[in-house]
Amino acid sequence: MSDEQTRKVIEQFNQAFQLHDPGLLKDILGENCRLENSGPAPDGTKHVGYDECLQFWTAIAGNEHMTFEVEDVWVAGERSVCRWTLRWGGGPKDFVRGVNVHRLEGGKLVESFGYVKG
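Values in this document were obtained by computation on a predicted structure and should not be read as measured data. (Residues numbered from 1 in each chain as written. Predicted model: local features only at pLDDT ≥ 70, side-chain atom pairs only at ≥ 80, totals over all residues. Heavy atoms only, no water.)

S.K.: Can you walk me through the sheet that holds strand β4 (residues 79-87) in this structure?
M.R.: Strand pairs in the sheet, formed through backbone hydrogen bonds, run parallel or antiparallel to each other. Strand order across the open sheet formed by 6 strands is β2-β1-β6-β5-β4-β3, with mixed pairing between neighbours. In the strand order of this sheet, the two ends are held by β2 (46-48) and β3 (67-76), each with one partner. Ignoring strand direction, the axes of neighbouring strands in this sheet form an average angle of 15 degrees. As paired strands, β4 and strand β5 (residues 95-105) are joined by 9 bridges and run antiparallel to one another. What sits directly across from Trp-84, in β5, is Gly-98. Packing against the sheet, helix α1 (residues 3-18) makes contact with β3, β4, β5 and β6 (108-116), and its axis sits at approximately 170 degrees to β3. Relative to the sheet, helix α2 (residues 50-61) contacts β1 (29-36), β2 and β6, its axis offset from that of β1 by approximately 55 degrees. (Pairing = 2+ DSSP bridges. Helix = DSSP H or I, 4+ residues; strand = E, 2+ residues; numbered from the N terminus. Axes fitted to C-alpha atoms, helices over the stretch in contact; angles between N-to-C directions. Contact = heavy atoms within 4.5 Å.)

Given below as structure tokens:
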């Protein structure tokens, strides 16, 4: 898989959260998708399988009270790292910064690990 193909999938993934459109996730997740969320500390929650991952991300992407800002994306083959900021209010401390480490397989997102500054 080329860097360009991976970048396209990751851009669609990020747009689901930026546009509050969980429907953008449906065609890019693998059946064997696995994600590890950043919270709660210390290990976060783990979700396995297409349905479980889609349900988890749909709840976040559909939340119009949150703003997801992409800071930077690095791509190498079927892997990517996205640095981001998630805001949930207008206060000076109503945000968290973090990264997602992704792996694709056959053009589908199959692994995502989220980490935050804390």
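Having seen it, we continue.
S.K.: I tried to follow the environment of Gly-44 on my own but got confused; where do I start?
M.R.: With respect to the helices and strands, the residue Gly-44 is situated in the loop between β1 and β2. Taking C-alpha positions, Gly-44 is 8.7 Å from Gly-114, a pair spaced 70 residues apart along the chain. When near neighbours in sequence (up to four residues on either side) are disregarded, Gly-44 contacts Asn-37, Ser-38 and Gly-39.

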